[in-house]
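Spelled out from the first residue to the last, the chains are:
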Amino acid sequence: MSGPASERVQNSALEEMVFTDSIPYSNRCAKVKQLSVADMFAETIRRVVNNESISSQYLV
């Protein structure tokens, strides 16, 4: 989020906005929650190394 986006989110009717930490976000906003993708990436790498399927990991 760039420019005044954090301020706009904070002042909006949104209860919470969630996104991953795959892109740096330095502006802090009480309504913004960042989720780490580290565990997901680690599991994907482990599956690739062991010649296992990764598609089941990403099915919702």
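Preceding this paragraph is the structure being described.
Heads up: these notes are all about the structure in this document. Please read these numbers as outputs of a predicted model, since none were measured by experiment.

So, on to the overall build of the chain. Along its length, the chain carries three helices and two strands. Along the chain, helices and strands appear, N-terminal first, in the series α-β-β-α-α. A compact globule built from 60 residues would reach a C-alpha radius of gyration of about 10 Å, whereas the chain, at 16 Å, exceeds it by more than 25%. Projecting the C-alpha coordinates of the chain onto the three principal axes gives extents of approximately 45 × 20 × 15 Å. Per-residue burial over the chain gives 17% buried out of 60 residues. Counting contacts in the chain only where the partners sit at least 6 residues apart, residues at least 24 apart contribute 7% of the total. Charge centroids of the chain, computed over 6 positive and 7 negative side chains, lie 3 Å from each other.

A few words on the side chain of S6. Relative to the assigned elements, S6 resides in helix 1 (residues 5-10). Here S6 falls in the buried class, since its relative accessible area comes to 9%. There is a polar contact of 2.6 Å between the side chain of S6 and the side chain of Y25. Among all residues touching S6, those that are not within four sequence positions of it are M1, Y25, N27 and C29.

The rules behind each value
- Residues numbered from 1 in each chain as written.
- Predicted model: local features only at pLDDT ≥ 70, side-chain atom pairs only at ≥ 80, totals over all residues.
- Heavy atoms only, no water.
- Helix = DSSP H or I, 4+ residues; strand = E, 2+ residues; numbered from the N terminus.
- Rg over C-alpha atoms; globule rule 2.2 N^0.38 Å.
- Buried < 20%, exposed > 50% of the residue type's maximum accessible area, 1.4 Å probe, protein only.
- Contact = heavy atoms within 4.5 Å.
- Lys, Arg positive; Asp, Glu negative; His and termini not counted.
- Charge placed at Lys NZ, Arg CZ, Asp CG, Glu CD.
- Polar contact = N/O pair within 3.5 Å; in protein donor to acceptor, adjacent residues only side chain to side chain.

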